[in-house]
Amino acid sequence: MSILWYITCLLLLHFCTPGFSMHDGIVDGKVSVPHSRPYMVYIRDKLTKISCGGFLVKEDYVMTAAHCKHNHLMVYLGVDNTNILPDGIEVKPIPHENFTMKRPDHDIMLLKLKSPATLNETVNTITLPKTENEEISKHCMVMGWGWQDYNNMSPSNVLKEANVTLIDSENCGTADTLCTEGSTGPAQGDSGGPLVCGGVVQGIVSFNKNSINGDKLAVYTHISHYLPWIKDNMKPLQQRQYETWKGKLDKIM
Ligand SMILES: *[C@@H]1O[C@H](CO)[C@@H](O)[C@H](O)[C@H]1NC(C)=O
Ligand SMILES: *[C@@H]1O[C@H](CO)[C@@H](O)[C@H](O)[C@H]1NC(C)=O
Ligand SMILES: *[C@@H]1O[C@H](CO)[C@@H](O)[C@H](O)[C@H]1NC(C)=O
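### Describing the overall build of the chain
On a plain count of helices and strands, the chain comes out with 4 helices and 13 strands. Buried positions account for 51% of the 253 residues belonging to the chain. Across the chain, the fraction of contacts at a sequence separation of at least 24, relative to all contacts at a separation of at least 6, is 68%.

### Some points on the pattern of salt bridges
The full count for this structure, using the stated rule, is 4 salt bridges. Across the pair Asp 105 and Arg 103 runs a salt bridge whose closest N-O atoms are separated by 3.8 Å.

### As for the site of ligand 3
Taken together, the neighbourhood of ligand 3 is formed by Lys 30, Glu 161, Ala 162 and Asn 163. Lys 30 places a side-chain nitrogen or oxygen 2.5 Å from an oxygen atom of ligand 3. Asn 163 has a polar side-chain atom sitting 2.3 Å from an oxygen atom of ligand 3. If ligand 3 stood free it would expose 360 Å²; the protein chains cover 43% of that surface. At 3 residues, the largest contribution of residues to the shell around ligand 3 is made by strand β9 (residues 160-167). Among the residues forming the shell around ligand 3, the class breakdown is 1 nonpolar, 1 polar and 2 charged.

### Side note on the nonpolar core
Judged by nonpolar contacts, the single largest core of 47 residues is most densely connected at Phe 55, Met 63, Leu 113 and Ile 230. If you tally residues by element for this core, the top one is strand β5 (residues 73-77), at 5 residues. Setting aside residues up to four positions removed in sequence, Leu 113 forms contacts with Leu 56, Glu 59, Asp 60, Tyr 61, Val 62, Val 75, Leu 77, Ile 89, Glu 90 and Val 91. Of all hydrophobic cores here, the second largest spans 13 residues; its members include Ile 136, Cys 140, Ala 162 and Leu 166.

### Description of the packing of aromatic side chains
According to the stated counting rule, one finds 2 aromatic pairs in the structure shown. For the pair Tyr 42 and Tyr 76, a centre-to-centre distance of 6.1 Å together with 50° between the ring planes defines the contact as tilted. You can see Tyr 42 sitting in strand β2 (residues 40-45) and its partner Tyr 76 sitting in strand β5, a full 34 residues away along the chain. Their ring planes at 75° and their centres at 5.2 Å tell us that Tyr 42 and Trp 145 sit as a pair that is edge-to-face.

### A few points about the state of the cysteines
All told, the structure shown has 3 disulfides when counted by the stated rule. Each sulfur of the disulfide joining Cys 140 and Cys 197 lies 2.2 Å from the other. Its S-S torsion of approximately 105° makes the covalent link between Cys 140 and Cys 197 right-handed. With Cys 140 in strand β8 (residues 139-144) and Cys 197 in strand β11 (residues 194-197), this pair connects stretches of sequence that are 57 residues apart. By the burial criterion, Cys 140 is buried, and Cys 197 matches it. There is a disulfide in this structure between Cys 172 and Cys 179, and the S-S distance comes to 1.9 Å. Residues Cys 172 and Cys 179 are joined by a disulfide whose S-S torsion is about -100°; by sign, that bridge is left-handed. Look at Cys 172 and you get buried, because its relative accessible area is 4%.

### Concerning the pairing of β11
Residues of β11 alternate between two faces, with Pro 194 and Val 196 on one and Leu 195 and Cys 197 on the opposite face, all of them buried. Where β8 meets β11, 3 bridges bridge the pair, whose relative direction is antiparallel. Within β11, the residue paired with Met 141 across the bridge is Val 196. Sheet topology places β11 next to strand β12 (residues 200-210); 4 bridges connect them, and they run antiparallel. Residue Val 196 lies in a different strand from β12, and its bridge partner there is Val 201. Here β11 hands over to β12 after 2 residues, with Gly 198 in that stretch at a positive phi of 60°.

### Side note on the sheet that holds β5
Pairing within the closed barrel is antiparallel, and its 6 strands lie in the order β2-β3-β4-β7-β6-β5. Each strand axis lies, on average, 40° off the axis of its neighbour in the sheet, ignoring direction. Pairing between strand β3 (residues 51-58) and strand β4 (residues 61-64): 3 bridges, direction antiparallel. Its bridge partner being in β4, Lys 58 is matched across the sheet by Tyr 61.

What counts as what
- Residue indices begin from 1 for each chain and proceed along its sequence in written order.
- As a convention, the first chain written is A and the first ligand written is 1, with the rest following in written order.
- Per-residue local features are limited, in this predicted model, to residues with pLDDT of at least 70; the limit for side-chain atom pairs, both in listing and counting, is 80 or more; totals at the level of whole chains, interfaces and linings are taken over all residues.
- With hydrogens and water stripped out, all remaining heavy atoms of the structure feed into the side-chain values.
- Only DSSP runs of H or I with at least four residues qualify as helices, and only runs of E with at least two residues qualify as strands; both kinds are numbered from the N terminus onward.
- Note on classification: 1.4 Å probe, protein chains only; a residue is buried when its accessible area is under 20% of the maximum for its type, exposed when over 50%, partly exposed between these limits.
- Note on definitions: a residue-residue contact is assigned when non-hydrogen atoms from the two residues lie within 4.5 Å.
- The rule for a salt bridge is simple: a side-chain nitrogen of Lys or Arg has to be within 4 Å of a carboxyl oxygen of Asp or Glu.
- Residues are labelled near a given molecule or strand when at least one of their non-hydrogen atoms is within 4 Å of it.
- N or O atoms within 3.5 Å of each other form a polar contact, as long as, within protein, one can give a hydrogen and the other can take it, and as long as residues adjacent in sequence are counted only when both atoms are side-chain atoms.
- Exposure was quantified through the Shrake-Rupley algorithm and a 1.4 Å probe, taking into account, for residues, occlusion by the shown protein chains and nothing else.
- For this scheme, ten residues count as nonpolar: Ala, Val, Leu, Ile, Met, Phe, Trp, Tyr, Cys and Pro. Four count as charged, namely Asp, Glu, Lys and Arg, and the remainder, Gly too, count as polar.
- Residues grouped as a nonpolar core are buried Ala, Val, Leu, Ile, Met, Phe, Trp, Tyr and Cys residues, joined through side-chain atoms within 4.5 Å.
- Put simply, two rings from Phe, Tyr or Trp (the six-membered ring, in Trp's case) pair if the centres are within 6.5 Å, and we call them stacked under 30 degrees between planes, edge-to-face over 60, tilted for the rest.
- By definition, disulfides here are pairs of cysteine sulfur atoms that lie within 2.5 Å.
- Note on pairing: DSSP must find at least two bridges between two strands before they are called paired.
- Here the axes come from fitting lines to C-alpha atoms, over the contacting stretch only for helices, and the angles between their N-to-C directions go from 0 to 180 degrees.

Dropping the structure here:
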């Protein structure tokens, strides 16, 4: 892995230059049946208009990549066509505390919704993994509104999806990532979106790179390695405050 790649591209999908590390995006995939992926969330910064994918894991929490953090993020639920957006919901970002743009690890973030979603046919949650390192079906699906073309900035207005196959992640990411390889997969703008395997979300789209033999690799945060972090950060605030306070008290006593 070249240092140049490291510097330019570690910075994850929306900072990578096209043609350098990006592949065709979800170009070989299909347009999703509208509203058939009700957990899928469109995320956009109000000011910069940079967008990411994400997914609803609870009425009031969206999960996405930590590198999607911007100062004025809004989430949009139940979206098919991004030209027809419902009212956005403001969020409080909770990125993993050890994520930095310099390293590929811990690219996970929760967004706490200021007002919880009402679940219905077009807005629903997706199941998180139950245990660390649970067996994962190799046949997965990834989706997003990201670039469809290798050479052009070409986000899709409608949600697209593609089948991808997990590979051994040695020589690909880190101990806390999953990888897929092939001519189809996520590209710029697909960051933060879900990698769904057997109906369970197992990964978060993080970044792309080229393999030694020139194939395209996509790297995802391995969600099951972050279950304790997820549990802690989705606790109601009062409970967290109580536990911090109780922890201090226990130490004193
Ligand atoms: C972040 O890194 C520090 C130092 O390595 C570690 O003590 C801490 O537990 C890490 N935080 C999380 C949430 O993993
Ligand atoms: C589902 O809820 C969303 C808002 O959360 C709303 O925009 C949409 O119209 C609702 N759909 C149905 C079928 O009620
Ligand atoms: C993914 O594979 C399933 C099962 O083979 C197939 O039904 C579906 O159409 C494929 N989806 C895409 C986007 O190619």
